[in-house]
Amino acid sequence: MLLSELPRRSARLEPNIAAGLDRGRQITNRQWRERMLVQAAWLRAHGSGPGKRVAVLSYNRIEMLDLYFSIPAIGAVIVPVNYRLKAYELEYQFSDAEVDILFVEKALWPEAKTALLKIPRKVTVIGLDFSGDGVLPYENTVSGPPLTDLPVFSEHETALQAYTSGTTGRPKGVLLTHRNMLANSWTGCIEKRIYPGEKLLHSAPLFHLAAISSFYSTALIGGTHVFLPAFDPKAVVDTIEKERITFCLFVPTMINMLLEMPGIEKRDFSSLKIISYGGSSIPVDRLRKAIEVFGCGFVQGYGQTEAAPILTTLRPEEHVLDGPLSKRLASAGREAVGCEVRVVRPDGSDVTPGGEVGEVVGRGDNIMKGYWKQPEATAETLRGGWLHTGDLGWIDEDGYIYIVDRLKDMIISGGENIYPREIEELLYTHPKILEAAVYGIPDPKWGEKVIAAVVPRAGQSLTPEEVGSFCKDNLASYKKPREVLITDILPRNAAGKVLKTELRARHGGG
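This is a predicted model, so every value here is computed, not measured. (Residues numbered from 1 in each chain as written. Predicted model: local features only at pLDDT ≥ 70, side-chain atom pairs only at ≥ 80, totals over all residues. Heavy atoms only, no water.)

Visitor: Explain the pairing of strand E26 (residues 483–486) residue by residue, including any values.
Guide: Pairing between strand E25 (residues 447–456) and E26: four bridges, direction parallel. The partner of Ala452 across the bridge, within E26, is Val484. The parallel pair E25 and E26, bridged by helix H13 (residues 464–474), forms a crossover whose chirality is right-handed. (Pairing = 2+ DSSP bridges. Helix = DSSP H or I, 4+ residues; strand = E, 2+ residues; numbered from the N terminus. Right-handed = clockwise from strand over helix to strand, strands pointing away.)

Visitor: Break down the packing of aromatic side chains for me, citing the residues and quoting the values.
Guide: As enumerated under the stated definition, the model contains 14 aromatic pairs in all. Aromatic pair Trp32 and Phe69: ring centres 5.2 Å apart, planes at 80°, arrangement edge-to-face. Of the two residues, Trp32 sits in helix H2 (residues 29–45) while Phe69 sits in helix H3 (residues 64–73), which places them 37 residues apart along the sequence. With relative accessibility at 2%, the residue Trp32 sits in the buried group. Seen from the ring of Tyr371, Lys172 lies directly overhead, with NZ or CZ sitting 5.1 Å from the centre. (Phe/Tyr/Trp six-rings, centres within 6.5 Å; stacked < 30°, edge-to-face > 60°. Buried < 20%, exposed > 50% of the residue type's maximum accessible area, 1.4 Å probe, protein only. Lys NZ or Arg CZ within 6 Å of the ring centre and 35° of its normal.)

Visitor: Describe the packing of helix H1 (residues 5–13) against helix H7 (residues 209–220), naming the residues involved and giving the relevant values.
Guide: As a packed pair, H1 and H7 sit with axes 9 Å apart at the nearest point and diverge in direction by 35°. Contacts between H1 and H7 involve Leu6, Arg9 and Ser10 from the former and Tyr216, Ala219 and Leu220 from the latter. (Axes fitted to C-alpha atoms, helices over the stretch in contact; angles between N-to-C directions. Contact = heavy atoms within 4.5 Å.)

Visitor: So what's going on with the sheet that holds strand E24 (residues 433–443)? Residues and values would help.
Guide: Taking strand neighbours across the sheet as the criterion, the three strands line up as E24-E25-E26 in an open arrangement whose pairing is mixed. Of all strands in the sheet, those with a lone pairing partner are E24 and E26, marking the two edges. Between one strand axis and the next, the sheet turns through 25° on average, direction left out of account. Sheet contacts for H13: E24, E25 and E26; angle to E26, the most-contacted strand, approximately 135°.

Visitor: Quick one: what's the story with the sheet that holds strand E20 (residues 387–395), residue by residue and with numbers?
Guide: What the four strands build is an open sheet, ordered E17-E18-E20-E21; its pairing is antiparallel. Pairing within the sheet leaves two strands with one partner each, and these edge strands are strand E17 (339–344) and strand E21 (401–406). Taking each pair of neighbouring strands and ignoring which way they run, the sheet shows an average axis angle of 45°.

Visitor: Tell me about the state of the cysteines, and name the residues and values.
Guide: A complete count under the given rule lists zero disulfides for this structure. With no disulfide partner, Cys248 has as its closest neighbouring cysteine sulfur the one in Cys296, 7.8 Å distant. Here Cys296 falls in the buried class, since its relative accessible area comes to 11%. (Disulfide = S-S within 2.5 Å.)

Visitor: Could you give an account of the pairing of E20, naming the residues involved and the relevant values?
Guide: A regular strand carries its side chains on alternate faces of the sheet. Within E20, eight of the nine residues are buried, leaving the element largely enclosed by the surrounding structure. Judged from the four bridges that link them, strand E18 (residues 358–364) and E20 form a sheet pairing that is antiparallel. Paired with Glu359 across the two strands is Leu392, which belongs to E20. Relative to E21, E20 is paired through five bridges, and the arrangement is antiparallel. Of the residues in E21, the one forming a bridge with Leu392 is Asp405. In textbook terms, the turn of a hairpin is the stretch between consecutive antiparallel strands, and for E20 and E21 this stretch comprises five residues, one of which, Gly399, has a positive phi near 90°.

Right, dumping it as structure tokens:
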């Protein structure tokens with residue numbers, strides 16, 4: 001099966017249902033299918049086709065329904081680009097991906113234009129909401145005769161080239177096939193309870209694999225996509241109420257921001273069936289509050305770009321607030337349908353269930369084809385036929401996996417292994433702390449020392465001494481932070497993950 005089958009099926013079964021809603025604009029399933037075929041013809045006429053790269057640099061908008069299906073329909077490859085990148089970073093990704101065509105939003109054009117001026121290859125540019133000065137209007141791509149002979153090719157051909165978050169170095173292009181994306185879309189439908197008739201709110205950026213996965217899952221069952229340009233707490237809540245949204249995807253930072261909104265407990269969330277969350281860890285106490293405030297089912301999805309992205313899920317019925325089973329709120333759930341997940345020692349053998357920490361590995365039809373033009377990195381990550389995630393965790397006797405930390409984030413101080421997430425979970429229980437990040441920097445005596453950066457809640461006064469005393473009272477002495485930084489904001493990438501490399505760099509720690 002190919003991604004181009006999804007709009008065909010929706011147009012055939014529910015032609016008049018709204019496929020997309022975006023700030024007063026609407027297209028039906030029939031129109032969606034027609035636009036996709038017209039755009040596919042335009043792309044082919046302008047030199048695109050099998051193996052060619054087409055980049056999309058945009059905030060969330062209804063045109064993504066065209067682009068995310070017309071591009072792979074002709075065998076070309078979508079390159080979704082992080083809209084927070086600057087010209088230098090864009091130059092790298094455009095060059096590395098060998099982009100031939102770029103669809104770009106006006107607000108993002110200045111940085112993109114600067115990047116393109118430094119690239120020797122010719123790139124055709126289409127403005128999603130502007131034209132002129134060499135930029136073609138988007139309307140041209142959805143006007144004209146449709147493509148009547150959609151090519152047939154293997155489902156193992158690359159459909160999407162997504163770049164990793166780049167938290168530890170230059171981003172790598174992850175090659176995801178039609179089969180990878182559709183396998184994970186089916187997984188998403190089953191695990192996230194996505195059914196026909198859903199209305200999915202897009203507020204998480206659609207260059208992020210978690211958002212793209214939910215996007216394809218909703219398209220798979222013929223649901224309606226409601227687009228917001230970017231995450232804004234008030235706009236999100238207003239749209240949920242107005243459009244009667246049934247399904248949302250948030251990263252923990254977004255959930256935190258929503259919970260901090262004044263009067264959030266009085267808003268109407270009765271239409272919501274499921275909130276899916278993931279991308280980074282969420283403190284258990286914040287998850288408890290979210291479940292109480294929104295009053296709907298919650299599904300955690302754990303994985304990474306290389307897995308398209310789901311590996312494990314914690315299902316709605318497993319979000320138990322009280323009793324002995326409530327401990328599972330701290331887990332990433334169990335292996336998702338269609339995935340096989342293990343926790344292994346360095347020699348590849350399974351850890352002993354119940355607390356022994358190892359690396360999380362997985363395999364399935366969702367696992368990437370490899371990294372673009374990086375055979376050595378591909379071989380290392382996919383060694384032995386398993387995706388090595390670089391995440392440390394342990395597994396209990398019932399198969400629930402508990403993520404401890406990133407392998408590269410683990411701190412070794414005085415010969416002791418220290419997992420930052422454990423300390424962060426404690427810090428989040430402090431009534432004055434909104435956000436926290438714990439990381440290690442080199443230390444001549446101990447090898448590494450523990451540093452904590454914390455963001456106080458609005459209106460709260462917080463001192464390093466106060467935080468240090470709190471940790472001293474609740475942690476073994478070797479785990480407590482040797483230094484506490486009070487800051488207004490934690491540096492994050494577009495996926496919402498804290499950039500600990502940047503925090504370390506502020507200390508000269510690389």
